[in-house]
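# Observations on the model geometry
So the chains spell out like this:
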Amino acid sequence: MSSAMFIANLSRTYRLVLLMTFITLYCHLSWGNEVVVPKENINYKVSVLLVNPSIENDPFWHKIEQITKHAARELSIDLTIIHGHGTRFFQLDELNKYFKENPAPKYVVLVNYPGHAKLTMNLLARHKVKVITLEQTISDDEKTFIGVPGERYKNWIGEVYFNNEIAGYKLAQALINRATLTHNSAVVAGISGHYGSESNLRSNGLRLAINENATAHLTQIVHAGWSFEDAYSKTLKLLKRYPAINVIWTASDHMALGVIKAIKTMDKKVGVDILVGGFDWTQKGIESIYNEKLTASVGGHFLMGAIAMMAIHNEEQGKEHIFFSNNQHSSFELALIKQDNIQRYYQLLRSEELSQVSFKKLVLLYNSRQSLSAIDLLKILEKSSTPKTLN
């Protein structure tokens, strides 16, 4: 073998030894020490499914969707939305269809329909998704069966709800006080939604306010099924039956606008002859207060989905659940918008998705408080907003 060939073979051998040494060293380091990639370097978004219990163009739930989407974008949450189309049967069908056609999300946020709570919770438990429920819709035996978050269903991490009875009371009290100032007494009619716990609790608040005020008289409470048209037709009948009515309390802004149309049809002055109040802070409701038609609206529950997003944000960060008292429940009081304070909050609330609110800032404000129930919704929304909303 020539010296040149010897040197070439030696060079190849040397390179092979170096390569084997490098591979051995790499494997040793890889097996002996786990390589940790900082989470912030991974483009990671937690997957969340929001189940809107209503139809796509429902005024109130559409607003909840838009605000929830805004919160999800800011908090790096991958949000998908499906619709329950207003019945427990359709909602369960849509959930089953989603799980058949898609990978299971990490979280599901939904309103649990009465009559299908067990079937729904069992389905979600089988797919091992974490669950946050909105509103307290389940009662009696069904409530006993499903229990509370974390009890029977360990994947049920919490619920977000508000006190409908107190909200109904606040609205009634504001209308009665104003009617007493201008008419010396309040002759009240109530227009509720469906026959169910949500409507009943709001109506209970109305009755409580009537019972506390000697100058107030309740004529009748009727149900209009959350419908503009039904509220319109039933108001016409109520005004013919009780001509002295000067306050009409309604369980939604959408129905309140139907009431306003009926009052105009009867050649009475809205906001003068008859005061009207509603729920939900819908865009049309806020505009109506601003234009001095609707007297007042109770709201803030359009934040339910966004609060769930902030709770999920905390869960993913490993933080304590300030959103859930006892790590289970998130109950908050709704606030009142009326003609006395509409100028202050008009720019903030007229946006469909609360575009001026920073949910990154809002989650920090929530986390700094000791309890959700102690929070003034209007003030905390204002604090988390950009300065131009304070006009």
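Our structure's up above, just so we're on the same page.
These remarks concern the structure in this document. (Residues numbered from 1 in each chain as written. Predicted model: local features only at pLDDT ≥ 70, side-chain atom pairs only at ≥ 80, totals over all residues. Heavy atoms only, no water.)

All right, on to the overall build of the protein chain then. Tallying secondary structure elements over the protein chain gives 14 helices and 12 strands in all. By the burial criterion, 49% of the 391 residues in the protein chain qualify as buried. Counted over contacts in the protein chain with a minimum sequence separation of 6, partners at least 24 positions apart contribute 75%. Accessible area for the protein chain stands at about 19400 Å²; split by element, carbon and sulfur atoms hold 53% of it. (Helix = DSSP H or I, 4+ residues; strand = E, 2+ residues; numbered from the N terminus. Buried < 20%, exposed > 50% of the residue type's maximum accessible area, 1.4 Å probe, protein only. Contact = heavy atoms within 4.5 Å. Areas by Shrake-Rupley, 256 points an atom, 1.4 Å probe, with all protein chains shown as cover.)

Before going further, it helps to examine the packing of aromatic side chains. In total, this model carries 5 aromatic pairs according to the counting rule given. With a centroid separation of 6.0 Å and 75° between ring planes, the pair formed by F60 and W61 is classed as edge-to-face. Here F60 matches W61 in class, with each residue buried. Taking the centre distance of 3.8 Å and the plane angle of 10° together, the rings of Y290 and Y346 count as stacked. Of the two residues, Y290 sits in helix α10 (residues 283-290) while Y346 sits in helix α12 (residues 342-349), which places them 56 residues apart along the sequence. Judged by its relative accessible area of 33%, Y290 falls in the partly exposed class. Positioned above the aromatic ring of F145 is the side chain of R152, whose terminal nitrogen or guanidinium carbon lies 5.6 Å from the ring centre. Against the face of Y232 rests K261, its NZ or CZ located 4.9 Å from the ring centre. (Phe/Tyr/Trp six-rings, centres within 6.5 Å; stacked < 30°, edge-to-face > 60°. Lys NZ or Arg CZ within 6 Å of the ring centre and 35° of its normal.)

Moving on, we come to the packing of α10 against α12. Angle between the axes and distance between the axes: these two values describe a pair of packed helices. Two elements in contact, α10 and α12, have axes separated by 10 Å at closest approach and are oriented at 150°. By the angle between their axes, α10 is roughly antiparallel relative to α12. Note that α10 runs across α12; the crossing there is left-handed. Here I286, E287, I289 and Y290 of α10 come into contact with α12, specifically with I342, Q343, Y346 and L349. In the contact of α10 with α12, the residues fall into 6 nonpolar, 1 polar and 1 charged. (Axes fitted to C-alpha atoms, helices over the stretch in contact; angles between N-to-C directions. Parallel < 35°, antiparallel > 145°, perpendicular 65-115°, else oblique. Left-handed = near helix turned anticlockwise from the far one by under 90°. Nonpolar A, V, L, I, M, F, W, Y, C, P; charged D, E, K, R; others polar.)

Leave glycine aside and you will find that most residues have negative phi; peptide bonds, for their part, are mostly trans. Even without glycine at this site, E135 takes up a positive phi of about 65°. The topology assignment puts E135 in the loop between β4 (130-134) and α5 (140-146). A positive phi angle, close to 55°, is found at W281, a residue other than glycine. By secondary structure assignment, the location of W281 is in the loop between β9 (275-279) and α10.

Attention now goes to the nonpolar core. With 96 residues, the main nonpolar core has L303, M309 and L349 as its most contacted residues. For L303, the residues in contact, after removing those within four places along its chain, are I67, L354, F359, Y366, L377 and L381. (Core = buried A, V, L, I, M, F, W, Y, C linked by side-chain atoms within 4.5 Å.)

For the rest of this paragraph, the subject is helix α9 (residues 253-265). Its 13 residues place the ends of α9 18 Å apart at the C-alpha level, agreeing with the 18 Å of an ideal helix rising 1.5 Å per residue. Taken as a whole, α9 has its buried residues at D253, M255, A256, L257, G258, V259, I260, A262 and I263. The elements touched by buried residues of α9 are β6 (186-192), α8 (228-241), β8 (247-250), β9, α10 and β10 (296-299). Trailing α9 by a residue or two, D267 shows a phi angle of about 60°, which is positive. (Expected span 1.5 Å × (residues − 1).)

That's the geometry; what it means functionally is another story.
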